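Observations on the three-dimensional arrangement
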Amino acid sequence: MTRGGLVRRTRIVLVVAFSLMPVFMLAQNPTAVDASMPPPPHEKKIYLQHILVIGQTKGWEHDSVTDGMVAIFNLGHDSGLWEAVLRTDTELITKKNPSGRNTKNLDYFDAIVFVSTTGELDLDDSQKKDMMSFIKDDGKGFVGIHAALDTNYKWPEYGEMIGGWFDQHPWMTFNAPIINEDPNFPAVRHFPKAFVKWDEIYQPKEWSREKVNVLLSLDSTKLNYENNPRIHRTDHDFAVAWAKMHGKGRVFYSTLGHTQESWNDPDIRKMYFEAIKWVLGMTEGSTASHQKPQTSGADH
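Residues numbered from 1 in each chain as written. Predicted model: local features only at pLDDT ≥ 70, side-chain atom pairs only at ≥ 80, totals over all residues. Heavy atoms only, no water.

Quick word on the side chain of Asp 110
Considering the arrangement of structural elements, one finds Asp 110 in the loop between strand E2 (82–87) and strand E3 (111–115). The side chain of Asp 110 sits in the buried core without any salt bridge; Lys 140 is the nearest counter-charge, 4.5 Å away. Residues contacting Asp 110, with those up to four places away along its chain left out, are Gln 49, His 50, Phe 134, Lys 140, Gly 141 and Leu 280. (Helix = DSSP H or I, 4+ residues; strand = E, 2+ residues; numbered from the N terminus. Buried < 20%, exposed > 50% of the residue type's maximum accessible area, 1.4 Å probe, protein only. Lys, Arg positive; Asp, Glu negative; His and termini not counted. Salt bridge = Lys/Arg side-chain N within 4 Å of Asp/Glu carboxyl O. Contact = heavy atoms within 4.5 Å.)

Laid out in C-alpha cells, this is it:
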C-alpha cells in the first residue's frame, strides 16, 4: 500500500471512530438526554380522598372565589390527603352515570366544598335529592365557605343542612373580635381563646345555637350596635364557625374567607384544612351544642 493510500485509510478510520463516539458515550451514560426536551411525566399521584369543589355564583360574585378554590386544591395536593376537582358548574352533583363521557358523579367523591356560592344554583330536583342523600344517607362530608350561606334560599333542606341562611353583614369588613368557643375542635384548635381577624362576618337567620356546635363567635361585648339597621339578631349571638351533623354526614361552615387576602392567612388555611379532614372522618370533634359563653362587660 502506498503512503497516500495509508493516509486516506487512516482518515476514514478516524472519521468513523469520531462518528461512533456519541453512540458509545450514550451507551456508557444511558441517562444522557436532550436538555431542551421536558422531563418525562411522573406517574399520577394517588390520593386518599376526593373532594368536589364548587364555585358557582348566581348572585353576588366574590373576588376571593378563585383564591379559595385554589387554596383547597393546594391543601390537598401538598398534603397528599385529597384530590380536588374544581368546578364552577354543578354538573357533577348527581348520582346518575353519564353515558359515553369521561366524567364523574357523586359516587366518586368523599366530600363537597362550596366556596362562596351565591343565589339559586343550577340544581334540578334529582340533583338536590342526590346531594342530600350523599351527605345524610351516605355519610359524606360538606364544607361551606363564607357565601355558601348566601345560596339556595328556595331549597329548605339546604338551609337545614348547613344551619341557616345569610341575613346581612352588620359591620361589613372589619377587625372582627372573635372568641374560640371550642378549642378542642381540630379546625379551631390552633386559634387562641380570643383574637382578631379582618373579615366580613355574616349574620345568620333561621339559625339556632341549639342545632350546632358553635366553634367561633364574635365577642358581643366588643361590638358597636348604635345606628346599625343591619343588626337583626336581638340575642347578639353572631357565630363565625360551627360544626353539625346532617343525618350521617358531617357539616362545617365558617363565614371567614371573604377577602382575597384571607386565603394567604395561615390560620384561615389551617382552619379549612382541618375542617375538610374532619368532615372526611380523619379526625374527631364534637358536634354537641352548648350555651353562649359569658364574656366580661355588657353589650353596648
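Notes on the sheet that holds strand E4 (residues 141–145)
Working definition: the strands of a sheet are paired by backbone hydrogen bonds and lie parallel or antiparallel to each other. Pairing is mixed across the open sheet formed by nine strands, whose spatial order is E2-E1-E3-E4-E11-E10-E9-E6-E7. Strand pairing shows two members of the sheet lacking a second neighbour, E2 and strand E7 (194–200), which therefore form its edges. In this sheet, adjacent strand axes meet at a mean angle of 20° when their direction is disregarded. Against the sheet, helix H5 (residues 266–279) contacts strand E1 (49–54), E2, E3, E4, E7, strand E9 (213–218), strand E10 (239–246) and strand E11 (249–254), and its axis sits at roughly 165° relative to E11. (Pairing = 2+ DSSP bridges. Axes fitted to C-alpha atoms, helices over the stretch in contact; angles between N-to-C directions.)

Things to note about the environment of Lys 222
Among the secondary structure elements, Lys 222 is positioned in the loop between E9 and E10. For the pair Lys 222 and Ile 178, spaced 44 residues apart in sequence, the C-alpha separation works out to 9.4 Å.

Some points on the side chain of Glu 83
Looking at where Glu 83 falls in the secondary structure, it is placed in strand E2. Looking at Glu 83, the relative accessible area reads 15%, which means it is buried. Within the local environment of Glu 83, its side chain forms a polar contact with the side chain of His 50, the two groups lying 2.9 Å apart. (Polar contact = N/O pair within 3.5 Å; in protein donor to acceptor, adjacent residues only side chain to side chain.)

Notes on the packing of aromatic side chains
If you walk through the whole model with that rule in mind, you get 13 aromatic pairs. Each ring, one from Trp 207 and one from Trp 242, has its centre 5.6 Å from the other, and the planes form 45°; the classification is tilted. Taken together, the residues span a long stretch of sequence, with Trp 207 in the loop between strand E8 (204–205) and E9 and Trp 242 in strand E10 at a distance of 35 residues. Assessed through its relative accessible area of 0%, Trp 242 is described here as buried. Residue placement shows Lys 104 over the ring face of Tyr 108; its charged tip is 5.0 Å from the ring centre. (Phe/Tyr/Trp six-rings, centres within 6.5 Å; stacked < 30°, edge-to-face > 60°. Lys NZ or Arg CZ within 6 Å of the ring centre and 35° of its normal.)

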